Amino acid sequence: MAFGSLSLFRALLFLSLTASALSTRPYKNGFSPQFYDYVCPQALPTIKRVVEAAVQRERRMGASLLRLHFHDCFVNGCDGSILLDPTPTIDSEKLAFPNNNSARGFEVIDQIKAEVDRVCGRPVVSCADILAITARDSVVALGGPSWKVRLGRRDSTTASRTTANSDIPAPNMDLPALINNFKRQGLKVKDLVALSGAHTIGFAQCRIFRDRIYNDSNINHAFAKNLQSSCPRMGSDGNLASLDPTPAHFDTRYYNNLLSQKGLLHSDQALSTDESTLKLAKSYSYDYDAFWKDFAKSMVRMGNIKPLIGNQGQIRLNCRRVN
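Residues numbered from 1 in each chain as written. Predicted model: local features only at pLDDT ≥ 70, side-chain atom pairs only at ≥ 80, totals over all residues. Heavy atoms only, no water.

The computed volume of the largest pocket comes to approximately 830 Å³. Surrounding the largest pocket, 37 residues form its lining, Arg 67, His 71, Pro 169, His 199 and Leu 265 being those nearest its centre. Going through the elements one at a time, α3 (60–73), α7 (175–184), α8 (189–196), β1 (203–205), α9 (206–215) and α12 (266–269) are the ones with two or more residues in the lining of the largest pocket. Sorting elements by how many residues they give to the lining of the largest pocket places α3 first, with 7 residues. (1 Å grid on protein atoms, 1.4 Å probe; cavity = no way out; pocket = protein on both sides within 12 Å on 5 of 7 lines; lining within 4 Å. Points joined across faces, edges and corners; volume = space filled by probe spheres on them. Helix = DSSP H or I, 4+ residues; strand = E, 2+ residues; numbered from the N terminus.)

Quick look at the structure:
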């Protein structure tokens, strides 16, 4: 009996030490693409599988998942705050103007979280990391480039609707405002032009581009007229228009649109108002390799905005609420 108890104690001690080593070992690599290699090597393949299935069901979902990562990172860093539902103590970013009745894909993130926690045996993958990986996998699923996502983010315990309203780039911004907006996040003009290329996929609501198609002068007349048929001056706020002619394929048509004054959003066409940004847009319009390379680099830089790492934040059990 004593021998059995001693053996059990040693076994439990070994398991405890092993678990401790596994839980801390990734931190030796810091904030890196290999962060989950030790604790849950099935995490990334699981995320990819769920994303591919979601995009296959609805191609638009790829753009929506990519957008969630953008809108998360621009509000106090890439910390999963956009996923938090409103509570008496959480002023949810979902209710901010750029997200309310617009941000989508939350159910897919919920599904990914459940699947990852199941295959890992416990909650070890943060919601913030799920957003970052999902953005990459969504781009790949729509024919775009891949990149190594640095991992190890933890989840915030707060959200800020006020910051979301002020810091997420607005569709009516001119170029100086966009440049300043990106600069505050530590991003450069080249990042602005490359990351704007995310609008090569997805759609925008009539309420977002209405002012442009009725009031802007730097817009193709026939293009504006065609959009006005589905986006009248009043009403039909939720009617959708594609951000470029191939909204389900990650290509360079977005930049071709800018060169012919067919950018859907005022902030899109703003890239053509200065020679430095216009030069980049022209090069991306015909050079897939340059666009893909720069987009991937800029996504990594954006994904590195103020991550919570180490013992900061938490690993949420449910992406919609704090533990």
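More follows now that the structure is in view.
Cysteine pairs can be linked by a disulfide, which is a covalent bond between their two sulfur atoms. In this structure the tally under the stated criterion is 4 disulfides. Between the sulfur of Cys 40 and that of Cys 120 lies a disulfide, 2.0 Å long from S to S. The S-S bond linking Cys 40 to Cys 120 shows a torsion near -90°; that makes this disulfide left-handed. In this pair, Cys 40 is assigned in the loop between α1 (2–28) and α2 (43–57) and Cys 120 in helix α4 (residues 106–120), connecting sequence segments 80 residues apart. In the protein chain, the bonded cysteines, numbered by position in the sequence, are linked as 1-4, 2-3, 5-8, 6-7. (Disulfide = S-S within 2.5 Å.)

A complete count under the given rule lists 1 cavity of 30 Å³ or more for this structure. Computed from the structure, the largest cavity encloses a volume of approximately 70 Å³. Along its surface, the largest cavity is lined by His 69, Ala 132, Trp 147, Lys 148, Val 149, Arg 150, Arg 153, Met 299, Val 300, Gly 303 and Asn 304. Among the elements that make up the lining of the largest cavity, the one with the highest residue count is helix α14 (residues 288–303) (3 residues). Split into classes, the residues belonging to the lining of the largest cavity amount to 5 nonpolar, 3 polar and 3 charged. (Nonpolar A, V, L, I, M, F, W, Y, C, P; charged D, E, K, R; others polar.)

Tallied over the full model, the rule gives 14 salt bridges. Arg 320 is the partner of Asp 85 in a salt bridge, and the nearest nitrogen-oxygen pair spans 3.5 Å. A residue pair is termed long-range when its members are at least 10 positions apart, and Asp 85 in the loop between α3 and α4 and Arg 320 in the segment after α14 qualify at 235 residues. Residue Asp 85 is classed as partly exposed on the basis of its relative accessible area, which comes to 23%. Linking Arg 136 and Asp 137 is a salt bridge whose minimum nitrogen-to-oxygen distance equals 2.6 Å. The exposure class of Arg 136 is buried, given its relative accessible area of 11%. The class for Asp 137 is buried, based on a relative accessible area of 7%. (Salt bridge = Lys/Arg side-chain N within 4 Å of Asp/Glu carboxyl O. Buried < 20%, exposed > 50% of the residue type's maximum accessible area, 1.4 Å probe, protein only.)

Under the 1.5 Å per step criterion, the end-to-end length of helix α5 (residues 127–141) is 20 Å for 15 residues, consistent within 8% with the ideal 21 Å. Counting buried residues along α5, 13 of its 15 residues qualify, which places the element largely inside the surrounding structure. A positive backbone phi angle near 90° is found at Gly 143, which sits one or two residues after α5. (Expected span 1.5 Å × (residues − 1).)

A word on α4. Compared with the 21 Å implied by 1.5 Å per residue over 15 residues, the 21 Å span of α4 between its first and last C-alpha is a close match. Turning to α4, its buried residues number three or more, namely Phe 106, Val 108, Ile 109, Ile 112, Lys 113, Val 116, Asp 117 and Cys 120. For α4, the arc enclosing every buried residue in end-on projection is 160°, short of the 170-degree limit, so these residues lie on one face. Among the exposed residues of α4, those oriented more than 90 degrees off its buried face are Glu 107 and Arg 118. Where α4 is buried, its residues meet α2, α3 and α5. (Arc of directions from axis to C-beta. Contact = heavy atoms within 4.5 Å.)

Enumeration according to the criterion identifies 11 aromatic pairs in this entry. With a centroid separation of 5.0 Å and an interplanar angle of 80°, the aromatic rings of Tyr 254 and Tyr 255 are classed as edge-to-face. Each member of the pair Tyr 254 and Tyr 255 is classed as buried. An angle of 70° between the planes, with centres 6.1 Å apart, marks the rings of Tyr 288 and Trp 292 as edge-to-face. Taken together, the residues span about one helical turn, with Tyr 288 and Trp 292 both in helix α14 at a distance of 4 residues. (Phe/Tyr/Trp six-rings, centres within 6.5 Å; stacked < 30°, edge-to-face > 60°.)

A general tendency of soluble globular proteins is for nonpolar side chains to be buried together. Counting residues in each nonpolar core, the largest one holds 72 residues, and the members touching the most others are Leu 66, Phe 295, Met 299 and Met 302. Those residues in contact with Met 299 that sit more than four places away from it in its chain are Leu 66, His 69, Phe 70, Ala 135, Trp 147 and Leu 195. Among the nonpolar cores identified, the runner-up in size contains 14 residues, and Cys 206, Phe 209, Ile 213 and Ala 224 belong to it. (Core = buried A, V, L, I, M, F, W, Y, C linked by side-chain atoms within 4.5 Å.)

So yeah, pure geometry; function would need other evidence.
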